[in-house]
Amino acid sequence: MSAASKSAIVSWHAHVYFDPATTRPQAEQVRAGIAARFKVQLGRWHEVAIGPHSAAMYQVAFDVPVFADLVPWLALHRQGLSVLVHPNTLAPRADHLMHAIWLGPAMPLRADMLPASIDAAEEAAIVPNT
Ligand code: ZN
């Protein structure tokens, strides 16, 4: 990967999927583990599918340097949950569908909810809350 293409990654998201009826306790454990260890922006709980996502989840937004510590931790501590890790490059459709890294089984995503491109101003800055 060239330096130019790597610098196109503005930030990362991890989406932690869960089933409100069965795996919410595991999702709470994962969330608490993240909050205790990493400087990230933890999104609110979405108990129903929202946007391109096909199941309940919460979002973890983080800056590029956090990836090297957070993603390996998630690989080992995801409690059996599916986690979508995707870069934010101002191309949401490609970021979710082509550039995604799945931990655990992949979940369906609604491509029609993902714009091909967005302006830099639309990509929210990470504000760590942990
Ligand atoms: Zn995302």
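Located above this text is the structure these notes cover.
Residues numbered from 1 in each chain as written. Predicted model: local features only at pLDDT ≥ 70, side-chain atom pairs only at ≥ 80, totals over all residues. Heavy atoms only, no water.

Protein-derived ligands of the zinc ion are His 13 (ND1), His 15 (NE2) and His 86 (NE2), with the metal-ligand distances lying across 2.0 to 2.2 Å. Along the chain, the residues donating to the zinc ion fall in the pattern H-x1-H-x70-H. In this pair, His 15 sits in strand 1 (residues 11-17) while His 86 sits in strand 4 (residues 83-88), placing the two residues 71 residues apart along the sequence. Like His 15, the residue His 86 is buried in the burial classification. (Donors = N, O, S within 2.8 Å, 3.2 Å for Na, K, Ca; no water. Helix = DSSP H or I, 4+ residues; strand = E, 2+ residues; numbered from the N terminus. Buried < 20%, exposed > 50% of the residue type's maximum accessible area, 1.4 Å probe, protein only.)

What follows deals with the packing of aromatic side chains. The way to describe two aromatic rings as a pair is by their centre distance and the angle between their planes. Counted under the stated rule, the structure contains five aromatic pairs. Their ring planes at 65 degrees and their centres at 5.8 Å tell us that Phe 38 and Trp 73 sit as a pair that is edge-to-face. Of this pair, Phe 38 sits in the loop between helix 2 (24-37) and strand 2 (41-42) while Trp 73 sits in helix 3 (residues 67-77); the two residues are 35 residues apart in sequence, bridging distant segments of the chain. Under the relative-accessibility criterion, Phe 38 is labelled buried at 11%. Trp 73 gets classed as buried once you look at its relative accessible area, which sits at 13%. Summarising the aromatic geometry, the rings of Trp 45 and Tyr 58 are spaced 4.9 Å apart at their centres and angled 65 degrees between planes, so their arrangement reads as edge-to-face. You can see Trp 45 sitting in the loop between strand 2 and strand 3 (57-62) and its partner Tyr 58 sitting in strand 3, a full 13 residues away along the chain. According to the relative accessible area criterion, Trp 45 is partly exposed, its value standing at 23%. For Tyr 58, a relative accessible area of 0% puts it in the buried group. The positively charged end of Arg 24 is found above the aromatic ring belonging to Trp 45, 4.0 Å away from the centroid. (Phe/Tyr/Trp six-rings, centres within 6.5 Å; stacked < 30°, edge-to-face > 60°. Lys NZ or Arg CZ within 6 Å of the ring centre and 35° of its normal.)

As a further point, take the environment of Gln 29. Secondary-structure assignment places Gln 29 in helix 2. Look at Gln 29 and you get partly exposed, because its relative accessible area is 47%. There is a polar contact of 3.2 Å between the side chain of Gln 29 and the side chain of Gln 79. (Polar contact = N/O pair within 3.5 Å; in protein donor to acceptor, adjacent residues only side chain to side chain.)

We note that Gln 79 has phi near 60 degrees; this positive angle belongs to a residue other than glycine. Position of Gln 79 among the secondary structure elements: in the loop between helix 3 and strand 4. A positive phi angle is found at Leu 90, which is not glycine, with a value near 75 degrees. Within the fold, Leu 90 resides in the loop between strand 4 and helix 4 (92-97). A residue is classified by how much of its surface remains accessible, and Leu 90, at 23% relative accessible area, is partly exposed.

Turning to the pairing of strand 4, a few remarks are in order. Where a strand is regular, its side chains alternate between the two sheet faces. Where burial is concerned, most of strand 4 is hidden: six out of the six residues are buried. Here strand 4 shows two buried faces, one formed by Val 83, Val 85 and Pro 87 and the other by Leu 84, His 86 and Asn 88. The pairing of strand 1 with strand 4 spans six bridges and is classified as antiparallel. If you follow His 15 over to strand 4, its bridge partner there is Leu 84. Two strands pair when backbone bridges link them, and strand 4 and strand 5 (residues 101-103) are joined in this way by three bridges, in the antiparallel orientation. Within the sheet, the bridge partner assigned to Leu 84 lies in strand 5 and is Trp 102. (Pairing = 2+ DSSP bridges.)

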